[in-house]
Amino acid sequence: SQELEQSPQSLIVQEGKNLTINCTSSKTLYGLYWYKQKYGEGLIFLMMLQKGGEEKSHEKITAKLDEKKQQSSLHITASQPSHAGIYLCGADPSGTDKLIFGTGTRLQVFP
Amino acid sequence: DVKVTQSSRYLVKRTGEKVFLECVQDMDHENMFWYRQDPGLGLRLIYFSYDVKMKEKGDIPEGYSVSREKKERFSLILESASTNQTSMYLCASSLPAGHGDTQYFGPGTRLTVL
């Protein structure tokens, strides 16, 4: 079965620093989703990527999907304490509505 | 603004009790989902419903059942709660595949079974 691997599992950065989170799949993805979760709460949708080579940005967060549609990266520029939380990638392996998720990357940003 | 609500944020139950977790969405979505989230295991799909009265087992349906009598409401039932069902439960809803949209999640219910 298809799995999503996220790296790193945990990240601690100083405020103002840039960082990147990766999500890798063993198979081609039909859609790749990025979510953010504050501790103990639900998931907040960030971005969705569908086309190989696609890149989307929202405020200081940029997500990219590689040409082969097997790897995605989430880049945060000039991190702030408000960026802290758990970042999860999700994917639709076969276009059937059911998503699989990575195990998440826990981000901490200290002043 | 899209909204998925769950009946409780925190719930404490005893082993053997019957537990109902309710989820309501106001987006007229066909699809609804129940996940559980555990440290190190990520989100795992318990059950999925693609229409009223329709359901499909996810990856870990054992010990759970679901009910969808109305389009906006999807209930997760633990017939006889056990301690290994202590977890964070997340509900989500979405349009059918092909609409280019995402799943929208509720705030979660943290269930503790003693």
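Since we're looking at a predicted model, the values are computed, not measured. (Residues numbered from 1 in each chain as written. Chains lettered and ligands numbered in written order. Predicted model: local features only at pLDDT ≥ 70, side-chain atom pairs only at ≥ 80, totals over all residues. Heavy atoms only, no water.)

Observations regarding the sheet that holds strand β3 (residues 19–25) of chain B
Strand pairing in a sheet takes place through backbone hydrogen bonds and is either antiparallel or parallel in direction. Residue and element names in this part refer to chain B. Pairing within the open sheet is antiparallel, and its 4 strands lie in the order β1-β3-β8-β7. Each edge of the open sheet carries a strand with a single partner, namely β1 (4–6) and β7 (65–70). Put simply, the sheet's adjacent strands are angled 20° from each other on average, direction ignored. Two elements, β7 and strand β8 (residues 73–78), share 4 bridges in a ladder whose sense is antiparallel. Bridging across to β8, Ser67 finds its partner in Ser75. (Pairing = 2+ DSSP bridges. Helix = DSSP H or I, 4+ residues; strand = E, 2+ residues; numbered from the N terminus. Axes fitted to C-alpha atoms, helices over the stretch in contact; angles between N-to-C directions.)

Some points on the environment of B:Leu111
Residues and elements named next belong to chain B. The residue Leu111 is located in strand β11 (residues 109–113) in this model. A relative accessible area of 0% places Leu111 in the buried class. Separated by 69 residues in sequence, Leu111 and Gly42 place their C-alpha atoms 16 Å apart. The residues contacting Leu111, other than those within four sequence positions of it, are Leu11, Lys13, Val19, Leu78, Gln85, Thr86, Ser87 and Tyr89. (Buried < 20%, exposed > 50% of the residue type's maximum accessible area, 1.4 Å probe, protein only. Contact = heavy atoms within 4.5 Å.)

Structural notes on the side chain of A:Ser72
Residues and elements named next belong to chain A. By the secondary structure assignment, Ser72 is in strand β8 (residues 71–76). Of note is the side chain of Ser72, whose polar atom sits 2.7 Å from the backbone oxygen of Lys64. Excluding residues within four positions of it along the chain, Ser72 makes contact with Ile21, Asn22, Cys23, Leu32, Trp34, Leu49, Lys64 and Leu65. (Polar contact = N/O pair within 3.5 Å; in protein donor to acceptor, adjacent residues only side chain to side chain.)

Quick word on the sheet that holds β8(A)
All names here are of chain A. Read from one edge of the open sheet, 5 strands run β1-β3-β8-β7-β6, paired in antiparallel fashion. At either end of the open sheet lies a strand with only one pairing partner, and these are β1 (4–7) and β6 (55–58). Within this sheet the neighbouring strands show an average axis-to-axis angle of 15°, counted without direction. As defined by bridge partners, strand β3 (residues 19–25) adjoins β8 across 6 bridges and the pair is classed as antiparallel. When the sheet's bridge partners are listed, Thr20 is paired in β8 with His75.

Comments concerning the packing of aromatic side chains
Summed over the entire model, instances satisfying the criterion amount to 10 aromatic pairs over all chains. Ring plane angle 35° and centroid distance 5.7 Å describe the contact between B:Tyr35 and B:Phe105, whose orientation is recorded as tilted. Of the two residues, B:Tyr35 is situated in strand β4 (residues 31–38) and B:Phe105 in strand β10 (residues 104–105); the sequence distance between them amounts to 70 residues. With a relative accessible area of 0%, B:Tyr35 lands in the buried category. Pairwise contacts between aromatic rings join A:Tyr35, A:Phe45, A:Phe101, B:Phe33, B:Tyr35, B:Phe48, B:Tyr50 and B:Phe105 into one cluster. (Phe/Tyr/Trp six-rings, centres within 6.5 Å; stacked < 30°, edge-to-face > 60°.)

Comments concerning the state of the cysteines
Residues and elements named next belong to chain B. Under the defined criterion, the tally for this structure stands at 2 disulfides over all chains. Bridging Cys23 to Cys91, the disulfide has an S-S length of 1.8 Å. Judged by the sign of its S-S torsion, about -75°, the cystine formed by Cys23 and Cys91 is left-handed. One end of the pair, Cys23, is in strand β3; the other, Cys91, is in strand β9 (residues 87–94), and 68 residues separate them in sequence. Taken individually, Cys23 and Cys91 each receive the classification buried, so the pair is uniform in this respect. (Disulfide = S-S within 2.5 Å.)

In short, geometric facts, not functional conclusions.
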